[in-house]
Structure formats: C-alpha cells, structure tokens
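The residues making up each chain are set out below.
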Amino acid sequence: MPRPKSKAETIAQVLESLGEVADEMSKSKWEFGASTPEGEAPACLLCPDEASPASCSTKQAFVQTGTALDSAALGSPGIPLGCTIVLSGPAGCGKTRTALAALAVMLSEGERCGLVLSEERFVSKSETRPDLRSRLAQIGIGSGLDTGRLMAAMNGGLSVLECLGYDGSSWDEFSTGYRYLAEKVGIQFAVIDSVNIIDRSNRNTASHLSALKTFNHKHGITCLVLCQIKDDGIAGGEQLQHASDMSISIASETVGSKELAERYGCKYRDKILLREAI
C-alpha cells in the first residue's frame, strides 16, 4: 500500500502543476487586434450609412390602461408601449385586480392579449370564489366597458398560458409558451401573474426578467409582470428594478406620527399603501 502524501508534498505538487500551466501560457501569446481582418465586415457591425437619422427622432409611445398604473408612470400619459413593467407588492394589495382591469381595457380596444398564470387556473370549479375568467369580466364591466364587446374580445382576442407552480411547471416551459404567443399568436399586451411562482428558486428571477424584457422589446409587447414581495424580502421590488423598463412598488406601512397622518389624510397608526415608481 503506497504511503499517503504529506501536506507539504501535496502543496509542492500543486505548485509544480501551476508552474507548468504558466509555462504553456507564456509560449502562446495572444494580442488583441494583432492583425487587420480581411474580407467583409462582421454581420454584427453597423456602419454609419446604415444608421438612419430618422431613428434619432423616435419618441417613446405610451398606452393608457384606464387604471392607477397610468398615473404612476413617472408623469407620462400611460405605461410605456413595448416595455416590461414590474408591479410588486405584498399579497392582497390589489396587484391582480389592477392587472385584470388593464387587461380588460386592452381587450376592449381590440389588442391581442396574453395572460400567463402560475398560481391559479383561468377557469375553475370552485363554488366559494369566482375564477379568473369571471373576475376579469366583472372588473371590466364594473369599470364601464361595453359588456358585449368585452365578452367577444375575451373569446377571440385572449390567449391564456397556464404555468402552474403546484403542477411543477418550469421557466423553460413558460418561455416556450410565451414565445409561441409572441411569434405565432402575435400578442401585443401581456400580463404575467406572477413571476415568483414561475421561477420558484428565486435565484435567477432578475436574469430571467432581463431576458424577457429584451424579448418584449424585439416583438413590441407591452408586458405587465406581477411579483409578490414575501415577508422575508425574497424576490420583487428593488431586486427587479434594473431588470425591467419600469418598476412600480406597493408597500404597506403603518402611519407612525400624527404629522404623517395629517399629510396622508388618515388616522395615526392606520395602515396605508405607498406606491413608488422607478
């Protein structure tokens, strides 16, 4: 049986191996731009004559949803068209209701819409709570939208993608289905409820959202992404601000002074919802 190596011998062997690697690297020099490339320019290079001056005058367009999202959009007349907007907040603060109200308006205006669900089915047999299909219709009609027009739009202009977390759906399954909605169905407005459940690990939510944002830019899709902020602070809010075009955060706060109560028009120690847009 061979004698086990001592710690000193092991360290010496590692150092010797590192020295051999360094020698090999020194033999093969690599210089950036050592020679001028020949032939045609690479496909990724845009020459000056390909940059149209007209593109410099393009202004950001906006879409009005008829909801509080419009007034939260940094003083703009609506939410930015073709962009990805994150709406984050604690459970029960009205994220889904706001998103459904915006979806109803877009459907009534003839937009092709997509609804991605990860927490509950669009149509359910529950006898204790209206399903999402019923709530979408009720919210739209309650907002003053034409009933016949809305119902016709729901039947012909709405595509629903169910990526239910409790069924084990993954981000890959979502991205495949979403690409189909974008490239085959041609959706123009989308609601995702919610991104936390689709990416259950919460480890890659920001990078996934950033890729989704780029995809939406390419296809001109205005996308409202809901994100639930949990008690432990995981996912949502500040973590996703830089992965989207716009982030609207809703936070529940207790009014801690009489001065604040007077400013907000409420009572001392009342719980209020604060909205912040970035």
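The structure this text deals with has already been given above.
Residues numbered from 1 in each chain as written. Predicted model: local features only at pLDDT ≥ 70, side-chain atom pairs only at ≥ 80, totals over all residues. Heavy atoms only, no water.

Caption draft 1: The arrangement of the packing of helix α4 (residues 132–142) against helix α5 (residues 147–156) in detail. At a minimum axis distance of 10 Å, the contact between α4 and α5 shows a crossing angle of 150°. Once α4 is placed against α5, the crossing between them reads as right-handed. Between α4, through R133, L136, A137, G140 and I141, and α5, the contact on the second element is made entirely by T147, L150, M151 and M154. Class assignment of the residues belonging to the contact of α4 with α5 gives a composition of 6 nonpolar, 2 polar and 1 charged. (Axes fitted to C-alpha atoms, helices over the stretch in contact; angles between N-to-C directions. Helix = DSSP H or I, 4+ residues; strand = E, 2+ residues; numbered from the N terminus. Left-handed = near helix turned anticlockwise from the far one by under 90°. Contact = heavy atoms within 4.5 Å. Nonpolar A, V, L, I, M, F, W, Y, C, P; charged D, E, K, R; others polar.)

Caption draft 2: Summary view of the pattern of salt bridges. Evaluation of the coordinates by the stated rule reveals 5 salt bridges. For R129, the salt bridge goes to E120, with nearest N and O atoms at 3.7 Å. Its salt-bridge partner being R121, residue E162 comes within 2.8 Å of it at the nearest N-O pair. Of this pair, E162 sits in strand β5 (residues 158–162) while R121 sits in the loop between β4 (113–117) and α4; the two residues are 41 residues apart in sequence, bridging distant segments of the chain. Judged by relative accessible area, E162 falls into the partly exposed class, the value being 33%. R121 sits in the partly exposed class, given a relative accessible area of 35%. Several salt bridges share partner residues, and in doing so they unite E120, R129 and R135 into one network. (Salt bridge = Lys/Arg side-chain N within 4 Å of Asp/Glu carboxyl O. Buried < 20%, exposed > 50% of the residue type's maximum accessible area, 1.4 Å probe, protein only.)

Caption draft 3: The side chain of T67, seen in detail. As for its placement among the helices and strands, T67 is situated in the loop between β1 (62–63) and α2 (68–72). Judged by its relative accessible area of 15%, T67 is buried. Within polar-contact distance, the side chain of T67 engages the side chain of T65 at 2.7 Å. Once residues lying within four places of it in the same chain are set aside, the contact partners of T67 are T98, A101 and A102. (Polar contact = N/O pair within 3.5 Å; in protein donor to acceptor, adjacent residues only side chain to side chain.)

Caption draft 4: Main features of the environment of M154. Tracing the backbone through its elements, the reader meets M154 in helix α5. As a C-alpha pair, M154 and R112 span 42 residues in sequence and 9.6 Å in three-dimensional space. For M154, the contacting residues outside a window of four places in its chain are L107, F122, R133, L136 and A137.

Caption draft 5: Seen up close, the pairing of strand β7 (residues 222–228). Of all 7 residues in β7, 6 are buried, a share of seventy percent or more. Bridging between strand β3 (residues 84–89) and β7 involves 6 bridges; their strand directions are parallel. Within β7, the position partnered with V86 by the bridge is V225. Examined bridge by bridge, strand β6 (residues 189–193) and β7 share 4 bridges and lie parallel to one another. Counterpart to F189 in the pairing with β7 is T222. (Pairing = 2+ DSSP bridges.)

Caption draft 6: Quick look at the nonpolar core. Counting residues in hydrophobic clusters, the biggest one holds 35 residues, and the most contacted among them are L103, L107, F122, L136, L158, F189 and L224. By residue number, the principal contributor to this core is helix α3 (residues 95–108), which donates 9 residues. One finds A182, L212, V225 and C227 within the second-largest nonpolar core, a separate group that totals 22 residues. (Core = buried A, V, L, I, M, F, W, Y, C linked by side-chain atoms within 4.5 Å.)

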